[in-house]
Amino acid sequence: QSGYHLWLDYKPLRDELSVSYKTQLAALLFPTTDGTDSIAKQELLDAFNGLFGQVPEQVDAIRQQGTLVVGTPSSLPAMAQETVFSHVAQMGPEGYGIYTATIQGKPATAILANTSKGVLYGAYAFIRLLQRGADIAKVDITSRPKVNLRLLNHWDNLDRTVERGYAGFSLWDWHRLPGYRDPRYTDYARANASIGINGTVLNNVNANALVLTPAYLEKAAALADVFRPYGIKVYLSARFSAPMELGGLPNADPLDPNVKQWWKEKVAEIYRYIPDFGGFLVKANSEGQPGPQNHGRSHADGANLLADALKPHGGVVMWRAFVYEDTEPEDRAKQAYNEFVPLDGLFHDNVIVQVKNGPIDFQPREPFHPLFGAMPKSQLMMEFQITQEYLGFATHLVYLGTLFSETLRADTYCNGPNSSVARVIDGSLTGQPVTAIAGVANTGTAINWTGHPFAQANWYAFGRLAWDPDADAGDIADDWLRCTFGNDGPLVHALLPMMMQSREAAVNYMTPLGLHHLMGWDHHYGPGPWISGKPRADWTSVYYHKASKDGIGFDRTASGSDALSQYFPEVRALFENPQECPEEYLLWFHHLPWDFQMRSGETLWEALCRRYYDGVATVGRMQATWEGQKGRVNEAVFNEVRDLLAIQYQEAVRWRDACVLYFQQFSGMPIPDGLGHPEHPLEYYEKMEFHFVPGI
Ligand code: BDP
């Protein structure tokens, strides 16, 4: 009832399906070799039992009918010469295959891989087929991840608060670790393994150096022990100044031999606790965090310092490109590119530069980050935000599969057409050997893990897209719905379109037409287009929308900040001309008069108002769609989503009314006929106060 089981809730299938699965899966031939494939076996047994109420007979030879064979060439040596095993050559160390095959002259179903980790992923994929009620009489699937490192980034603090976390406190009970291993750690690992996530950065990028002390390394090691059989490695966010804070050194200069030695010893110590430690994530010289620039050195010097210490142990450094100067920039969107492109080619081969999807900061919509494709001699990875910092927290239903996919599919043109962001990060364009993708986690101690029941879909979609960045966001949502709510066709038919429209709805009621960074000060919840006069101009809203009597929008063309010149010529051409620029990005790249003619024939002002009203109307339709599911989903989840949608509706109205009234001061134009009129004056919205907002 609570949603705790996520998409792994094995509810009974329809009778006809159960009957055929019982025959097709009557026996299981699955010799286990380690903790990982033992987990896979137990998961299959639990799934069969839950989905169709049968525990297969465990056999050591294939029977005439209905045997499922699971393993690797080495766990199944007697069969390894069978034709079906030839597929394993395409699977790599983590891939799997599921086949209907003839083995030893008898019909069988097989889940094959090269490693027990591949077997585990194959088992989860097979269970997914069953949850969807797929016909398993003719299966032929070979799948391997396109990206090697598929990680969650936890912005979890050692006091268990979670920066930008809206689902309770941190899952890591540092105080009772390492002695007490909460069973929830196992459930967390299981959920991640089921969607192919193979790494987790335990602590916040705004890092506390204490995590690198023996007391905390022992705790992290306990978590690593729990996660290991699920194929998940542990990583830590490292504070760049740790040699000063922990080691008592006078500086943290990356070229100082004592600093190098300190990191070398620290890393060796970490590997004594965690022999398969994944490496470090680093936020340096950004938003007040220490970094190499404090010592007159570059990001490359800083990253290489840590990379060299990790290298003998096989670890990597994920060095974040989310940086902006201390001095106020003319356009913050340009900062990361300006700082990192000159360093292309200088990073050592176990450094990967972690780039947010867009150039500002996880806004409801941003164009892809210009760094993708612009550093061909360096390894680059993607950072998405699963937690909904700028998308209504865990209160708004916003399916992010479409947002992730929109960025991954964007064409950078770095190598001519078909140079999508996905192809930059999966290494197929540059041949970079280390490939990675990270998602800032939305999990916490909430009983359903993510706060909003539908926010589970965002964790799920992240994992599935990390495995295959070209996968379809709609197919993923379809899988999630069927696995979460049961394989109920009419329910999926109603809820899939609702999920697919939800992100566009949020864009429309928050920041339509390419607007961005209009949210409430500091906590980032609710509208704040009036925010101005803060310590930095680029922390205000007025800096980004630039609304005045003459128009609205940020001119990033050659007549403005020229951020557009950071993109390849074809991309530039796409956005350069306001008459042709896709409307979703119009005010991201252009400052235009209020009476600018849109392609629809409306003025910009009318189009802006219409989008705000459309966004709210879509949420209204989402509420109606959800009402229609009464009785189809369990009551507790039904009620929770219904109530959250009601809050979302109110919030969408607040966003719309606050923004429309605020911008109207400048446009001086009436809200178009038929749309309605805000209930309160602008001051009402400006004066609304929120106390103790989560996640700060
Ligand atoms: C911003 C968040 C801030 C993070 C920062 C980051 O508001 O809490 O520390 O990004 O990614 O989105 O480092």
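Residues numbered from 1 in each chain as written. Predicted model: local features only at pLDDT ≥ 70, side-chain atom pairs only at ≥ 80, totals over all residues. Heavy atoms only, no water.

A. Focus on the nonpolar core. Ranked by size, the top nonpolar core spans 228 residues in total, and within it F126, F227, W263, F280, F454 and F663 carry the most contacts. Here this core takes 12 residues from helix α19 (residues 635-667), the largest share from any one element. In this structure, A27, M79, Y99 and A108 belong to the second largest nonpolar core, which totals 17 residues. (Core = buried A, V, L, I, M, F, W, Y, C linked by side-chain atoms within 4.5 Å. Buried < 20%, exposed > 50% of the residue type's maximum accessible area, 1.4 Å probe, protein only. Helix = DSSP H or I, 4+ residues; strand = E, 2+ residues; numbered from the N terminus.)

B. Spatial organisation of the domain arrangement of the protein chain. What the domain assignment lists for the protein chain is domain 1 (15-143), domain 2 (149-486) and domain 3 (507-554 + 591-687). Centre-to-centre, using C-alpha coordinates, domain 1 lies 33 Å away from domain 2. Among the residues domain 1 hides against domain 2, the three largest losses belong to Y121, R128 and R132. Together they make up 40% of the total. Run the count over domain 1 and domain 2 and you get eight residue pairs in polar contact (both at pLDDT 80 or more). (Domains from an automatic or database assignment. Buried area = accessible area lost by both parts, 1.4 Å probe. Polar contact = N/O pair within 3.5 Å; in protein donor to acceptor, adjacent residues only side chain to side chain.)

C. Region of interest: helix α14 (residues 489-510). Relative to the 32 Å expected for 22 residues at 1.5 Å per residue, α14 spans 32 Å between its end C-alpha atoms, a close match to the ideal helical length. Its maximal kink placed at S502, α14 deviates by approximately 35 degrees. (Expected span 1.5 Å × (residues − 1). Bend = angle between axes of the 7 residues up to and from the residue.)

D. Structural detail: helix α4 (residues 183-194). With 12 residues, α4 extends 17 Å from end C-alpha to end C-alpha; this agrees with the ideal 16 Å at 1.5 Å per step. Within two residues after α4, G196 carries a phi angle of roughly 85 degrees, on the positive side.

E. Molecular detail of the packing of aromatic side chains. Overall, the coordinates contain 46 aromatic pairs when judged by the stated rule. Ring-pair connections join several aromatic residues into one group, and the members of that group are Y4, W7, W172, Y185, Y188, F227, W449, W459 and Y460. One cation-aromatic arrangement involves R184 over W449; the distance from NZ or CZ to the ring centre is 4.0 Å. (Phe/Tyr/Trp six-rings, centres within 6.5 Å; stacked < 30°, edge-to-face > 60°. Lys NZ or Arg CZ within 6 Å of the ring centre and 35° of its normal.)

F. Representation of the side chain of D538. In this structure, D538 sits in the loop between α14 and α15 (542-545). Owing to a relative accessible area of 0%, D538 belongs among the buried residues under this scheme. Among the polar contacts made by the side chain of D538, one reaches the side chain of R536 at a distance of 2.7 Å. Aside from chain neighbours lying at most four places away, what touches D538 is Y324, P329, R332, H517, Y543 and Y544. (Contact = heavy atoms within 4.5 Å.)

G. Quick peek at the sheet that holds strand β3 (residues 67-71). Within the open sheet, the six strands sit side by side as β2-β1-β3-β5-β4-β6. Their pairing is mixed. Each having just a single partner strand, β2 (57-58) and β6 (140-143) make up the two edges of the open sheet. Across two bridges, strand β1 (residues 27-29) lies against β2 in parallel orientation. Residue pairing across strands places L28 opposite Q58, the latter belonging to β2. Helix-sheet contacts for helix α2 (residues 35-52) involve β1, β2, β3 and β5 (106-113), and the interaxial angle to β3 is about 155 degrees. (Pairing = 2+ DSSP bridges. Axes fitted to C-alpha atoms, helices over the stretch in contact; angles between N-to-C directions.)

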